[in-house]
Every structure is written in structure tokens, then in C-alpha cells.
Amino acid sequence: MTGNELALLARTAVHLQPAQVAHRARLRAQRRALRRWPEAGRRLLVGPDPGTAVGWPAAFRPLDSRTPHHWPGLNDVRDGNLGLLGTTRNLGDPIDWQHADAPQLWRFHLHYWDWTWGLAADPDRAAARTLFAKLWRSWWSTVIFGRGDAWLPYPAALRAWSWCGLYREMAVGTELEDRFVQELAAHAGYLRWHLESDLGGNHLIKDLKALIGLAIFFADDGMLRHAVRRLTAQLAVQVLPDGGHFERAPAYHCQVIGDLIDVADLLNSAGRAPEAEVTAAIAAMRRWLGEVLLPDGEVPLLNDGYPVAHELIAALEPGKAPSGPLLALPDTGLVRAALGGWHLLADVGAPCPDELPGHAHADTLGCLVHVDGAPLLVDTGTSTYAPGSVRDYERSTAAHNTVEVDGSDSTEVWGAFRAARRARVHGLKTCADAEVVSIEAAHDGFRRLPGSPSHRRHWSLTASRLLVNDQVTGGGRHAIVARWHLTPGAAVRLKQGGAAVTTADGDFAVSIAASCPLKLTVETEQIAVGFMRKAVALVLTCRIDAALPVRITTCWRRAGDWQVMSEEEESA
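Presented here is an overview of the structure given in this document.

Points about the packing of aromatic side chains
Point 1. One pass over the full model with this rule turns up 27 aromatic pairs.
Point 2. With 5.6 Å between their ring centres and 75 degrees between their planes, tryptophan 113 and tryptophan 163 make a pair best called edge-to-face. Note that tryptophan 113 is positioned in the loop between α6 (104-112) and α7 (117-120) and tryptophan 163 in helix α9 (residues 153-171), a separation of 50 residues in sequence.
Point 3. Ring centres of tryptophan 163 and phenylalanine 180 lie 5.6 Å apart, and the angle between their planes is 45 degrees; this geometry places the pair in the tilted category. Residue tryptophan 163 is found in helix α9, and its partner phenylalanine 180 is found in helix α10 (residues 177-192); the two are separated by 17 residues along the sequence.
Point 4. Under the relative-accessibility criterion, tryptophan 163 is labelled buried at 0%.
Point 5. Its end group placed over the ring of tryptophan 106, arginine 89 keeps NZ or CZ at 5.5 Å from the ring centre.
Point 6. Its guanidinium or amino end placed over the ring of tryptophan 163, arginine 159 lies 5.8 Å from that ring's centre, counting from NZ or CZ.

This is the structure:
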């Protein structure tokens, strides 16, 4: 590890809680022991008595079973072709459960086994059960307990939940049944000792959800009480007062609310009323989701994010979209403004919880813009979790609709899931009336640079235009870059004082002025449209090299007669 990486690690570790470090050391020691002595580990990590298995109530339908079109079909899997994360790979003959050349996230999904819900939904039940049995026997005889990607806690938790749900349709009455139940008991024993308390966040929610599912499956009241108690304690930490999930990644908010809905529905079906904390969290998270959904019905790709299927969004039952011109969600740090067909979602919050930086991006004071229901300014999104240049770029300040100073990120994102010094937002102000919505905030994410630059942004939205005023103050000479990431398919023509932008849904005039000479260019980048899937998009880029303070004012209008900003707008 280089000296710079050691410094980054130290600045990352300072945010961690002592208990996290202790849990991390314990889990790593346990995993090393399991890799060396897997059979001894299986005997020591005792799960419930397989003879107590009662399965899940027949009336319970988890969300996975309600979205059958989300999963690969019987014919594809029977041919050995498994499509996950938008990428199809052949499983091989015999089946290769390692797929060492695949991205790790793809391998994780392989071991989740949630994709076999597509088999359970197929009308040819006999063929589906036969294929499931073949796949399961291959997995059981090939994958060694406690070793590899399959036996990291997160994949084990998702697999345990999937197998509990698939047991009745795929295993009952087959030669698999006894061994299948024994393996679920082993999963329960493993997960009880491998809860991801070192990470917390959505991972720990998944682990506890799986333990609750296993406890119902084996009628284990002690395990159920323990898992529910741990879950309710986590909700007090992870669900913020405004209803948002504390990782501040809307796609993961959807994942967590889905987990809570499954837990509540399972408990209700088993005749056990869910805790009040669980039902309150679901209601708050549903309301929040309805408040942040974009006009086209998509989940915003802020921080780490992936497109969430509309079928799943509907199943989550988001709350009614707000009707007013201004909505502030101060705990998650989002502000929504809407007037005259313009829709702005501004990111004015912390990049991540102190103790969990994994899904943070350096996107402070970035924004997403829709006009008349169609996207204009978009987020670069997330196409990979693999460390490297693509992951670095997608988390960077340069990949978002905000201001960069000296090529630095506002939050020191590094590695695949780490963040050292983080931007701190201050001075948030919002106001609205019938004619204009105003949002203002500043952050100190560039304070580590010479002269301690500070970025302040002011958005002013009316029915006819969006005005964005950026000010960078501090000392010394700096390279300032403001970027606007346009929706894929947009075309740009530079003009004196700005640019003309054409999208599939409309034409726009952009006028740009600054307190010193600027260089306006159009760059080409790639944005994520899903994991391992990207599209080409243009970036309107304004560059300045000057002594601070520097001001950049950008005005977006629907196309019409070309207008240079008025003096009032330019000085706003």
C-alpha cells in the first residue's frame, strides 16, 4: 500500500465506530477459520433442529414472487444461459459455480438464487422442479461450506431467504426435501454468527431479514425474538426522520423498504403482528419514495444506484407525489422544486453516514432536472462495483452536475467503497412563492486545497427558466470546472454566450456568464444505464482558471428566441 493510500485509509478509519472495527476483526477471523476447516465449522455453527421445520405460511407471497417478469425464464436456464445484471453467461456443463472471470457482483447474484423465482412462476411445474433439483444438487455437491463468494454473509442471507420461499414449490415431496431442510438449518447457524455488524446498513437489514425468515421456517421463537429485536434497533438508526434511508442512495432505499415489507407480510401471515417500529418505518419510507420519484416514474440515481423496475416500484406502493412547488427533505439532504413543467432535485446533504461510506459519491450540490416530464440533466449512475478507473470516475465530482476545483473530488472517494474526508454542507436556505423557488447551500469539500476554496450554489426556478449561480470563494488561483451532464441522445451547438441543446423531447437555450474569462466545451462521456451497461452522453463543460473568488451563472430555458441573460439574472 502506498503512502497516499495509507493516508486515505487513516482518514477513512477515523469515521468508524470502535465496535465496527472489533466486529470486522472477529468476522475476518471466523472466515479464515471456516476456509481452513469447513466441515468443523459446519458442525460448530449449529442451526435449528431440521425436524422442527414447518416452512412458511402458504398465504405469504414475498415481493420476489410478485415480479416474475424480473427473472430469467425456464427455457433460458434449461439451456444453461443465465441472464443477471443485464449480462448473460452460460453456466457450463458441468455447472461452474465459481465463474472466476465474471465480475464479483455477477457471482454474488448467481449465489443469491433469487433468479430461480422465474422457475417457480413457470406453468410447467414438473419441468421447473426437475431443473431446480438439478441446479440445487450441483450447487450442494460443488460449493464448500464457508468458502468463496457463496459464503460471504450477504449472498448467504439472500440465498437463505430465497430457499425458504422456494421450498414449498420446488423441494417439498422431492428427493431433495430432507437435505434441502438440513442445508437451510446450516445457513441459519452460519448467519447467526456472521451478521454484518461491521458494515451495518442495507447488508445488516438483509442478514436480519434472512434470520427472521429462517426463524419462521423452523418455528424457532428464540431466534425470531432476537432477530426482530435487532431489526427494530437498526431501524432507529437507518430510517431518518424524513423517511429516507441513511445511506442516501434511493435505489438502496427501495431495497430496504422491500425487505421491511417482506418481513411485515411474513410475520402477519404467521399470525405474529410486526413491531410498531417496522410498520412505522414502512409508512415513512413509502412516503419518502413518492416524494423523490422523478416525473418519468424513475428512481433517482443518486450515490450508488441502478434502475429499479417499474413493476417493483409499484409493488413497494410509494406515497402520493407532492403537489407544491417546494419540498425539503433535510435529513437525507434532498430538495425538490417544481414549477411550470420544470422539476429540479437538488442534493444538499451529507454524502453518507459517518460509519458507512461504501455507496457515497462526490456529488455534493449536484442536481437532476426534468422538463415536461422528460430528463434534461442526468446522473452518471453506477455500472460497476469493481475497483478501477470506471468505478473511480462514476463516484467522482466530475461525473455529476456540480462544480469541481483543481481536479479534486468534493468527498475523497477511493477504492471501491471507501471515502476519507467528506464534504460538509452548511447554510441551506429554501423559499418559494407562486412565481419562484429558491434553494441555496454551500459545502467545504475543497477545504483541503490551498486557499481553502468553498463552493456555494443558488438555484432559482420559475415557470420559464432555471438559473444556477455558482460561487467559489477562498484564496489563490484555481482551476474551476462546472459540468452539466445531458440526457443520452442530446445534441449541443455552442453559441456566443452559451449553447443550444436539443433532446428527443425538446429544445433548450443555455446562456452562461462568469466573473472572468471562461472556456465552454462539449465533452463525450459514458453514463450507466444499469450494471455493466453504459450509454454515450454529452457533457456541457465550463472551465475557468483564475484567482478566487469566481462566479459562474448558468441559465436554462426552453428554446425560443435566443436570449442572453439579463443583468439582473447575471448578478443573481
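Considerations on the sheet that holds strand β20 (residues 533-547)
Point 1. Ordered in space as β8-β15-β20-β19, the four strands form an open sheet in which the pairing is antiparallel. In this open sheet, the two edge strands, each paired with only one partner strand, are β8 (403-405) and β19 (519-530). Neighbour-to-neighbour, the strand axes of this sheet turn through a mean angle of 30 degrees, independent of strand direction.

What to know about unusual backbone geometry
Point 1. Residues aspartate 93 and proline 94 are joined by a peptide bond in cis, for which omega reads 5 degrees.
Point 2. As for its placement among the helices and strands, proline 94 is situated in the loop between β2 (87-90) and α6.
Point 3. A cis geometry characterises the amide bond from leucine 548 onward to proline 549, with omega recorded as 5 degrees.
Point 4. By the secondary structure assignment, proline 549 is in the loop between β20 and β21 (550-558).
Point 5. Of note in this structure, serine 452 is not a glycine but carries a positive phi near 45 degrees.
Point 6. Turning to its location among the elements, serine 452 is positioned in the loop between β12 (437-443) and β13 (454-461).
Point 7. In this structure, methionine 532 is a non-glycine residue whose phi angle is positive, near 65 degrees.

Some points on the side chain of aspartate 304
Point 1. Topologically, aspartate 304 is positioned in the loop between α14 (276-292) and α15 (310-316).
Point 2. Classification of aspartate 304 by relative accessible area gives buried; the value is 0%.
Point 3. A polar atom in the side chain of aspartate 304 sits 2.7 Å from the side chain of histidine 359.
Point 4. Among the polar contacts listed, one links the side chain of aspartate 304 to the side chain of arginine 391, at a separation of 2.7 Å.

Thoughts on the pairing of strand β1 (residues 81-84)
Point 1. Alternating positions in β1 separate cleanly, Leu82 and Leu84 being buried on one face and Asn81 and Gly83 remaining unburied on the opposite face.
Point 2. Between β1 and β2, which follow one another and run antiparallel, lie two residues, and leucine 85 among them has a positive phi close to 55 degrees.

Some words on the pattern of salt bridges
When charged atoms on two side chains of opposite charge get close, those side chains can pair.
Point 1. Evaluated as defined, the whole model comprises 24 salt bridges.
Point 2. The shortest N-O distance in the salt bridge between lysine 209 and aspartate 259 comes to 2.9 Å. Here the residue lysine 209 occupies a position in helix α11 (residues 201-217), and aspartate 259 occupies one in helix α13 (residues 250-269), the gap between them amounting to 50 residues.
Point 3. Take aspartate 259: its relative accessible area is 3%, and that puts it in the buried class.
Point 4. Because the salt bridges share partners, they merge into one network encompassing Arg11, Glu412, Arg421 and Arg448.

Describing the environment of glutamate 169
Point 1. Assignment of secondary structure puts glutamate 169 in helix α9.
Point 2. Distance from glutamate 169 to valine 529, taken between C-alpha atoms, is 34 Å for residues 360 residues apart in sequence.
Point 3. Apart from residues lying up to four places away in sequence, glutamate 169 is in contact with Arg125 and Arg129.

What counts and what doesn't
Residues numbered from 1 in each chain as written. Predicted model: local features only at pLDDT ≥ 70, side-chain atom pairs only at ≥ 80, totals over all residues. Heavy atoms only, no water. Phe/Tyr/Trp six-rings, centres within 6.5 Å; stacked < 30°, edge-to-face > 60°. Helix = DSSP H or I, 4+ residues; strand = E, 2+ residues; numbered from the N terminus. Buried < 20%, exposed > 50% of the residue type's maximum accessible area, 1.4 Å probe, protein only. Lys NZ or Arg CZ within 6 Å of the ring centre and 35° of its normal. Pairing = 2+ DSSP bridges. Axes fitted to C-alpha atoms, helices over the stretch in contact; angles between N-to-C directions. Polar contact = N/O pair within 3.5 Å; in protein donor to acceptor, adjacent residues only side chain to side chain. Salt bridge = Lys/Arg side-chain N within 4 Å of Asp/Glu carboxyl O. Contact = heavy atoms within 4.5 Å.

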